[in-house]
Amino acid sequence: MLHKTWDRRGTPPIAVIGAGIAGAWQALLFAKAGHEVTLHERDNDAMTQATSHWAGGMLAPWCESEVSEPLVTRLGLRSLALWREHAPDTPFNGSLVVAHPRDRSDFERFARMTSGHQRLQRDDVSKLEPSLDGRFREALFFPDEGHVEPRRVLPELHARIRAAGGRIEFGSAPETTHIDGLEIDCRGLAARDAFPDLRGVKGEEIIVETDEIVLSRPIRILHPRWPLYIIPRERNRFMIGATSIEREDDGVSVRSTLELLSAAYAVHPAFGEARIVEIGAGLRPAFPDNLPRIAIDKDHIAVNGLYRHGFLLAPALAELTLGYVARGEIDNEVMQCK
Ligand SMILES: Cc1cc2nc3c(=O)[nH]c(=O)nc-3n(C[C@H](O)[C@H](O)[C@H](O)COP(=O)(O)OP(=O)(O)OC[C@H]3O[C@@H](n4cnc5c(N)ncnc54)[C@H](O)[C@@H]3O)c2cc1C
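Residues numbered from 1 in each chain as written. Predicted model: local features only at pLDDT ≥ 70, side-chain atom pairs only at ≥ 80, totals over all residues. Heavy atoms only, no water.

Undergrad: Can you help me understand the site of the ligand in this one?
TA: Taken together, 36 residues lie near the ligand, and E41, S52, M58, Y307 and F311 sit nearest. Contact between the ligand and A22: an oxygen atom at 3.0 Å from a main-chain N or O atom of the residue. Separating an oxygen atom of the ligand from a side-chain N or O atom of S52 is a distance of 2.5 Å. Contact with the protein chains removes 96% of the 1,000 Å² of surface that the ligand exposes when unbound. Elements represented by at least two residues in the shell around the ligand include exactly helix 2 (21-32), strand 2 (37-41), strand 14 (275-286) and helix 9 (310-327). Residues that form the shell around the ligand fall into these classes: 17 nonpolar, 14 polar and five charged. Summarising the domain contributions, the shell around the ligand has at least three residues from each of domain 1 (14-57 + 149-197 + 288-337) and domain 2 (95-143 + 199-286). (Near = heavy atom within 4 Å. Polar contact = N/O pair within 3.5 Å; in protein donor to acceptor, adjacent residues only side chain to side chain. Areas by Shrake-Rupley, 256 points an atom, 1.4 Å probe, with all protein chains shown as cover. Helix = DSSP H or I, 4+ residues; strand = E, 2+ residues; numbered from the N terminus. Nonpolar A, V, L, I, M, F, W, Y, C, P; charged D, E, K, R; others polar. Domains from an automatic or database assignment.)

What follows is the structure in structure tokens.
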């Protein structure tokens, strides 16, 4: 049940804590729905403490269905529509999945486990991505998937929140007890005081720069250990990601570096001459089942556990939270009410 002070006010003021991708979407949809919203972020606007800063930014519900529960696909598909509606400049160029002949069985398995793709032969691959001309005999093309650049889209979402009348306070980490109205806790991994079962899953990434390769969409290369990918970014840059390791330090190992760079080199040898711009790691906030959770306790709502799908799931989770606050709607698959 909603807290009684909400009923008196009708639309309570909303304090969203944490301006990563989860909090940004919550603040945006509540501000657009006419609520008085303040988004608090302990970091400055560079947001380097956020896991979101380190992400690939792929919006890939079909590719991810290979390793994810149906819930992730359901919310992911809804999120694609919300990205299109609220951030219409989001690129939807699709994703391409390739494999080397030795990983042929992984390729066929991926094709079986996923839907929403077209099988492309060598010539079609070259037409879609001329830089890959002749390099892959076959590929799977997922035409409706998108990708965003996290370090550009976060400030863009923050600007949209302000345009919708919301306020953003950087360098602000308010005590829960000092919040008047409804609190939406989107602190990611920092919320372990509230969720002892939350853990960090390390993802290592490398950004390189080369003007010898041009890509228009994320390329996933099937690999026996990790689903590795190369995502084109602005200024001839490419993010190569990402490992998935059950550790909570943010160091990057030599082994991971070798594997990430080898994967890129295997996609195109010109990556061998690319300049390394950054090597880094982020910790994905995950519950034991690797599924997202909206935990409701009177006027405190927590949205967490976005794991490897924060950019994919944040819009749909924000819509569900808004549906609960505005109309009392409960989604039993995602919400836990105290
Ligand atoms: C290498 C890598 C690649 C990834 N690739 C993808 C991808 O391609 N697609 C995808 O969908 N997902 C991807 N992810 C997953 C995605 O990054 C996460 O799911 C997502 O960033 C989690 O977002 P969040 O908002 O919950 O947490 P965060 O981004 O960590 O945001 C939490 C924010 O809360 C702030 N905060 C904490 N405590 C307080 C406080 N007390 N007061 C105020 N502010 C506070 C923090 O400073 C932080 O800014 C990737 C992750 C990694 C590491």
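Undergrad: Mind showing me how you'd approach the nonpolar core here?
TA: Where a protein is soluble and globular, its nonpolar side chains tend to be buried together. Membership of the largest hydrophobic core comes to 71 residues, with the highest contact counts inside it found for W25, W83 and I294. Discounting residues that sit within four places of it in the chain, W83 has contacts with I21, W25, L59, P88, T90, F92, V148, V153, L157, F311 and P315. Within the second largest apolar cluster, 25 residues are counted, among which are V125, I206, L215 and A274. (Core = buried A, V, L, I, M, F, W, Y, C linked by side-chain atoms within 4.5 Å. Buried < 20%, exposed > 50% of the residue type's maximum accessible area, 1.4 Å probe, protein only. Contact = heavy atoms within 4.5 Å.)

Undergrad: So what exactly am I meant to see when it comes to the pattern of salt bridges here?
TA: In total, this model carries 30 salt bridges according to the counting rule given. The salt bridge involving E108 is made with R119; its shortest N-O contact spans 2.9 Å. Placement of the pair is E108 in helix 5 (residues 104-113) and R119 in strand 5 (residues 118-121), with a sequence separation of eleven residues. Its relative accessible area of 22% is what places E108 among the partly exposed residues. Put simply, R104, E108, R119 and E138 are held in one network by salt bridges that share partners. (Salt bridge = Lys/Arg side-chain N within 4 Å of Asp/Glu carboxyl O.)

Undergrad: How should the pairing of strand 4 (residues 95-98) be read in this particular structure?
TA: Sheet faces and side chains relate simply in a regular strand, where the side chains alternate between the two faces. Side chains S95 and V97 project from strand 4 onto one buried face, and the interleaved L96 and V98 project onto a second face that is buried too. Pairing analysis gives three bridges linking strand 4 to strand 6 (residues 138-142), with the strands arranged antiparallel. Paired with S95 across the strands is F142, a residue of strand 6. (Pairing = 2+ DSSP bridges.)

Undergrad: Looking at this structure, I do not really get unusual backbone geometry. What am I missing?
TA: A242 follows G241 through a cis peptide bond whose omega is -25 degrees. You can see A242 is positioned in the loop between strand 13 (237-241) and helix 8 (254-267). Phi is positive for N236, which is not a glycine, with a value near 60 degrees. Mapped onto the elements, N236 comes out in the loop between strand 12 (228-233) and strand 13. Here K298, not a glycine, exhibits a phi torsion of approximately 55 degrees, which is positive. Along the chain, the position of K298 falls in the loop between strand 15 (293-297) and strand 16 (300-304).

Undergrad: Where do I start with the packing of aromatic side chains in this structure?
TA: Where two aromatic rings form a pair, the distance of their centres and the angle of their planes describe that pair. This model, assessed by the stated rule, comprises four aromatic pairs. A ring pair is formed by W25 and W83, whose centres lie 5.0 Å apart and whose planes are at 75 degrees; its orientation type is edge-to-face. In this pair, W25 is assigned in helix 2 and W83 in helix 4 (residues 70-86), connecting sequence segments 58 residues apart. Each member of the pair, W25 as well as W83, is classed as buried. The interplanar angle of 75 degrees and the centroid separation of 5.3 Å between the aromatic rings of F195 and F287 together place this pair among those described as edge-to-face. Of this pair, F195 sits in the loop between strand 9 (182-185) and strand 10 (199-209) while F287 sits in the loop between strand 14 and strand 15, and the two are 92 residues apart along the sequence. Neither F195 nor F287 differs from the other in exposure class; each is buried. (Phe/Tyr/Trp six-rings, centres within 6.5 Å; stacked < 30°, edge-to-face > 60°.)

Undergrad: I tried to follow helix 7 (residues 150-163) on my own but got confused; where do I start?
TA: One full turn of an α-helix is made of 3.6 residues, so residues set three or four places apart face in the same direction. With 14 residues, helix 7 should reach 20 Å at 1.5 Å per residue; the first-to-last C-alpha distance of 20 Å fits that figure. Among the residues of helix 7, those classed as buried are P150, V153, L154, L157, H158 and I161. The arc enclosing the buried residues of helix 7, seen along the axis, measures out at 140 degrees, which places them on a common side. Looking at the packing, one finds that the buried side of helix 7 touches helix 2, strand 2, helix 4, strand 8 (167-170), strand 12 and helix 9. (Expected span 1.5 Å × (residues − 1). Arc of directions from axis to C-beta.)

Function cannot be read off these values alone, since they describe shape.
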